[in-house]
Amino acid sequence: MSVEPLQLFWYFGIFIILISICGVYCILATFNLIRALIGFEILVKAATLLIILAGYLTGNQALAQALVITLIVIEVVMMVVAGGIVLWLYRYNQTIDTRKLSNLKG
Amino acid sequence: MVSLFILAPFAAALILNLLPKALTHRLAFWVAAGLALAQAALVAFHPLLFWSAYPDPLGPFFNLQFSLDGLSLVTLLSIAIVVLATLVAGRYTITEESKRFNFTNLVLITLMGMNAVAMTTDLFSLYVFLEVCAIALFILIALKKDKLALEGAFKYLILSAIATVLMLFSIALFLLLSGGVSFSVIYGALSGSGGGFLAKLAMGLFLCGLFIKAGLAPFHAWLPDAHSSAPSAASVLLSGMVTKIPGAYILMRLVTSVFPLNPQMQNLLMFVGVFSIIIGAQGAFYQHNFKRMLAYSSVSQVGYIVLALGCGTPLAFAGAAFHLFNDAISKTLLFVNACCLEKETGTVDMDKMGGLGQRMPITNFSCLVGAFSAAGLPPLAGFWSKFIIILALMQAGKPVYATVAILASILTLGYALVMQRKIFFGGLADGLQQAKEAGIGLVLLESALALVVIAVGIGFAFMYNNFMLPVGEIVF
Amino acid sequence: MAAIDLILIIMLLLTSLWTVLTIRLIRAVVGLALTSAILSVIMFRLGSPLAAVFELSVCSGLISVIFVTTISFTSRVSKERLFVRRRERFVKFWYLPLILIVAGFLLLHFSHPPALKLPVTPAGQDVRSVLWNLRHPDLLGQVIVLLAGAFGVAILFKEDTHER
């Protein structure tokens, strides 16, 4: 991959923006708790790609990899906790539809 | 020395979980409270020089790259006081023993996270420790495991996750622009090139993430839900410190040592601050739930801090740091009052309370002190910090913002009085004939916090000279 | 940009699109795992092999397991519900590909790449030495997060069986 860094950044950047749009859309348009978590995962994927890309472009891959590894560990722990909360919510409501969860309103 | 603030709670949490349960369930509270007390005492009675005089014993093997300055000291002191209050409140309101043990451990984890955030010098580590706090808080909010608590926790989780992603994008862009993620490297890169489009984008994304985490005005929807559904003791921690760390401390740290303030960002911060002040104050007016009202009040108080930061003069920074401390204490006091009221009456609905003034005189008095300090009545602590902030705004030539700040303060006084009337004055409401003061521990805690608020108000000169002036100095 | 990279990144976009658009949750999870796998190939091509291995094993392995477990405990959807949901989904989601195409077109044609001045960084170090010698706060943070996660599991999952 020996091309001008600017061009590379721009092409990857466009795709990162598009993937993020997917993730945001997924969170906004769904009524399903698990699907919201999946949308968040897609967003994190986009962020991971951007960090790795930044590391590649600045020649600092070691730092970028260190950051990504930490990030992945945190992400997993967060998903475990979220999964636990979703399971409990299902036990109370017998559904994971957010439209049924409107007891709290701003 | 400095790394002890994290390693000591960490060691304590590990040991507590390794020893047999019969022993540790009783010990846990005392260990945790002792740690918080030790932190408060160490920070309060030792000047900054003390900390730099002793190098870290672990330094050669394990370099945490922490540093301390005046701002960190104020934050560490506030954290210690709030955590202590949370632990005491948890001890007397959570009845089940195993739940209380888990609660204590989670509070210890939050303590580590917040301490580390207050001392770190690296943007990515900042994110890591913020996540530590956030994960511990999801579990704390869900601890009751009833429907509302779980929904509040899930809402907080999704919004916090979005904030996290925004911060990650911003960190990646900073990495691209500067080749590193520590504060000094980013500062060097940004001040060198002045910052083009990407730098502005990165700053904007990070600020958005922080605003969501702090519950500032356009993104404040999750805060009242999380507060009203969490166990009372956990909401002490949530409101007392956790929303103030991103809203106040990290913002201050960023504008002093990561990206220097420019006029655009000043305007943005001041606008968000004023918007939060107004939205929070008017939202608080219409609430019937005591804890929701306090949550909205929290939004408005963090707004004051952000407004002061946007002003950007040393005086304003000192005022912001002072307000951070004062609001942490007075919100903690009010939420401890909420704990007492919930314990005695079984509800946090203000319409169902009334006439409790005779039954709970100390709660009445301390609630009055807390609310008046939040509203900024002299000579309580809150008056001085708001006074400094407004003075700084006037000096900086922003009379409009200053006027809004004063008016919102009057609004705060208004809802504080409504709250007092609904809860404590008038005839005793039905079904509250059994209400009395809520046990010696909580009463002592309330009176101690009220005393702190009054003492800081009266001994304002001491606090200002020893803690706030150093904060103003680090800026310029 | 080599052709293979372009193909990979387009595939990444397509799999994430499929993850969002597909109807059954299980398929969405499979889509997520695929996205992860393709991302790890891209990461490898960008010179980050260790992080790529991590991404492949943890994100497309462990996280899928977590999701599948959660889904198998929660969603029991009847045939009719599925049909209703499919229609709902079609109405709700058909904008997404359009939005993506329009956004991509706009980005490609009506905006200019921002000026990018790359910083001078020290010569390449090894990720192991960076992680273990320079990122101590992060390591400590990871350990504390794992501790918090352990409490989360203990609190959120343990009493689950106990009460049944």
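Residues numbered from 1 in each chain as written. Chains lettered and ligands numbered in written order. Predicted model: local features only at pLDDT ≥ 70, side-chain atom pairs only at ≥ 80, totals over all residues. Heavy atoms only, no water.

Caption draft 1: Representation of the overall build of chain C in the model. Each helix and strand counted, chain C has 8 helices and 0 strands in total. Helices and strands appear in chain C in the N-to-C order α-α-α-α-α-α-α-α. Looking at the 164 residues of chain C, the share that counts as buried comes to 45%. The long-range fraction of contacts in chain C, counting pairs at least 24 apart against all pairs at least 6 apart in sequence, stands at 59%. Carbon and sulfur atoms make up 72% of the accessible area of chain C, which totals about 9000 Å². (Helix = DSSP H or I, 4+ residues; strand = E, 2+ residues; numbered from the N terminus. Buried < 20%, exposed > 50% of the residue type's maximum accessible area, 1.4 Å probe, protein only. Contact = heavy atoms within 4.5 Å. Areas by Shrake-Rupley, 256 points an atom, 1.4 Å probe, with all protein chains shown as cover.)

Caption draft 2: Examining the interface of chain B and chain C more closely. Taken together, the contact pairs 36 residues of chain B with 26 residues of chain C. Taken together, both faces of the contact between chain B and chain C bury some 2600 Å²; the carbon and sulfur share is 74%. On the chain B side of the contact with chain C, Phe 10, Ile 139 and Lys 145 of chain B bury the most area, a combined 18% of that side's loss. In this structure, the connection of chain B to chain C is made through 1 salt bridge. Asp 122 of chain B is paired through a salt bridge with Arg 135 of chain C; the nearest N and O atoms lie 3.0 Å apart. (Buried area = accessible area lost by both parts, 1.4 Å probe. Salt bridge = Lys/Arg side-chain N within 4 Å of Asp/Glu carboxyl O.)

Caption draft 3: Local environment of the nonpolar core. Formed by 285 residues in total, the largest nonpolar core has its most connected members in Ile 85 of chain A together with Ile 109 and Phe 290 of chain B. Ranked by residues supplied to this core, first place goes to helix α7 (residues 147–178) of chain B with 20 residues. Domain assignment of the residues forming this core places at least three in each of domain 1 (1–260) and domain 2 (262–476) of chain B. Leaving out residues up to four positions away in the same chain, Phe 290 of chain B has contacts with Leu 334, Asn 337, Ala 338, Leu 341, Val 348, Met 350, Cys 367, Met 419 and Ile 423 of chain B. (Core = buried A, V, L, I, M, F, W, Y, C linked by side-chain atoms within 4.5 Å. Domains from an automatic or database assignment.)

Caption draft 4: Fine view of the confidence of the model for chain C. All names here are of chain C. When pLDDT is averaged across chain C, the result is 80; 75% of the residues are at 70 or more. Under a pLDDT of 50 for its full length, residues 160–164 has, in the predicted model, 5 contacts with residues more than four places off or in other chains. In the predicted assembly, ipTM is 0.92 and pTM is 0.91. (pLDDT = per-residue confidence, 0-100.)

Caption draft 5: Expanded view of the packing of aromatic side chains. Summed over the entire model, instances satisfying the criterion amount to 14 aromatic pairs over all chains. Geometrically, the ring pair formed by Phe 124 of chain B and Tyr 127 of chain B is tilted, given 5.3 Å between the ring centres and 50 degrees between the ring planes. In this pair, Phe 124 of chain B and Tyr 127 of chain B are both assigned in helix α6 (residues 123–141), 3 residues apart and thus about one turn of the helix distant. Summarising the burial analysis for this pair, Phe 124 of chain B and Tyr 127 of chain B share the class buried. Geometrically, the ring pair formed by Trp 384 of chain B and Phe 387 of chain B is edge-to-face, given 6.5 Å between the ring centres and 90 degrees between the ring planes. With a gap of 3 residues between them, Trp 384 of chain B and Phe 387 of chain B both fall in helix α17 (residues 381–395), about one helical turn apart. Assessed through its relative accessible area of 22%, Trp 384 of chain B is described here as partly exposed. Judged by its relative accessible area of 40%, Phe 387 of chain B is partly exposed. Its guanidinium or amino end placed over the ring of Trp 88 of chain A, Arg 91 of chain A lies 4.7 Å from that ring's centre, counting from NZ or CZ. Taking the ring centre of Tyr 92 of chain B as reference, the NZ or CZ of Arg 91 of chain B above it sits at 5.8 Å. (Phe/Tyr/Trp six-rings, centres within 6.5 Å; stacked < 30°, edge-to-face > 60°. Lys NZ or Arg CZ within 6 Å of the ring centre and 35° of its normal.)

Caption draft 6: Highlighting the side chain of Lys 213 of chain B. All names here are of chain B. In this structure, Lys 213 sits in helix α9 (residues 197–214). Looking at Lys 213, its side chain comes within polar contact range of the side chain of Ser 160, at 3.3 Å. Those residues in contact with Lys 213 that sit more than four places away from it in its chain are Leu 130, Glu 131, Ala 134, Ser 160, Ala 163, Thr 164, Met 167, Trp 222, Thr 243 and Pro 246. (Polar contact = N/O pair within 3.5 Å; in protein donor to acceptor, adjacent residues only side chain to side chain.)

Caption draft 7: Up close: helix α7 (residues 136–156) of chain C. A rise of 1.5 Å per residue sets the reference length of α7 of chain C, with its 21 residues, at 30 Å; its end C-alpha atoms lie 30 Å apart and thus fit the reference within 8%. Within α7 of chain C, 16 of the 21 residues are buried, which leaves the element mostly enclosed by the surrounding structure. (Expected span 1.5 Å × (residues − 1).)

Caption draft 8: Just the packing of helix α11 (residues 232–242) of chain B against helix α12 (residues 244–257) of chain B, in detail. Residues and elements named next belong to chain B. Their axes nearest at 7 Å, the elements α11 and α12 cross at an angle of 20 degrees. Judged on the interaxial angle alone, α12 and α11 are roughly parallel. Facing α11, whose interface residues are Ser 239, Gly 240, Met 241 and Val 242, α12 presents Lys 244, Ile 245 and Pro 246. The residue inventory of the contact of α11 with α12, partitioned by class, reads 4 nonpolar, 2 polar and 1 charged. (Axes fitted to C-alpha atoms, helices over the stretch in contact; angles between N-to-C directions. Parallel < 35°, antiparallel > 145°, perpendicular 65-115°, else oblique. Nonpolar A, V, L, I, M, F, W, Y, C, P; charged D, E, K, R; others polar.)

Caption draft 9: Looking closely at the interface of chain C and chain A. In this assembly, 80 residues from chain C lie in contact with 66 residues from chain A. Taken together, the two surfaces of chain C and chain A that pack against each other cover about 6900 Å², and 78% of this comes from carbon and sulfur. For the interface between chain C and chain A, the tally reads 1 salt bridge. Ionic pairing is found between Lys 45 of chain A and Glu 55 of chain C, a salt bridge with its closest N-O pair at 3.7 Å. Linking chain C to chain A there are 8 residue pairs in polar contact (both at pLDDT 80 or more). Elements supplying a minimum of two residues to the side of chain C that touches chain A: α1 (3–21), α2 (25–45), α3 (49–74), α4 (79–93), α5 (95–110), α6 (127–134), α7 and α8 (158–163) of chain C. No other element matches α3 of chain C, which puts 15 residues into the side of chain C that touches chain A. Taken together, the residues that form the side of chain C that touches chain A break down as 50 nonpolar, 16 polar and 14 charged.

Caption draft 10: The pattern of salt bridges, seen in detail. Applying the stated criterion to the full structure yields 12 salt bridges over all chains. Asp 327 of chain B serves as the salt-bridge partner of Lys 331 of chain B, at 3.6 Å between the closest nitrogen and oxygen. Placement of both Lys 331 of chain B and Asp 327 of chain B in helix α15 (residues 314–345) is noted, with a separation of 4 residues, approximately one turn of the helix. Take Lys 331 of chain B and Asp 327 of chain B: they sit in the same class, and that class is buried. Here Arg 135 of chain C ties to Asp 138 of chain C by a salt bridge, and the two come within 2.8 Å at their closest N and O atoms. Taking relative accessible area as the criterion, Arg 135 of chain C reaches 6% and is therefore assigned buried.

Caption draft 11: Up close: a nonpolar patch on the surface. Residues and elements named next belong to chain B. Where nonpolar side chains cluster on the molecular surface, the patch consists of Leu 14, Ile 15, Leu 18, Leu 19, Leu 23 and Leu 27 and spans about 550 Å² of accessible area. If you list the elements that add at least two residues to the nonpolar patch, you get α1 (4–18) and α2 (21–45). Inspection of the secondary structure assignment puts Ile 15 in helix α1. (Patch = residues over 30% accessible without salt bridge, like charges linked within 9 Å, V, L, I, M, F, W, Y side chains within 5 Å.)

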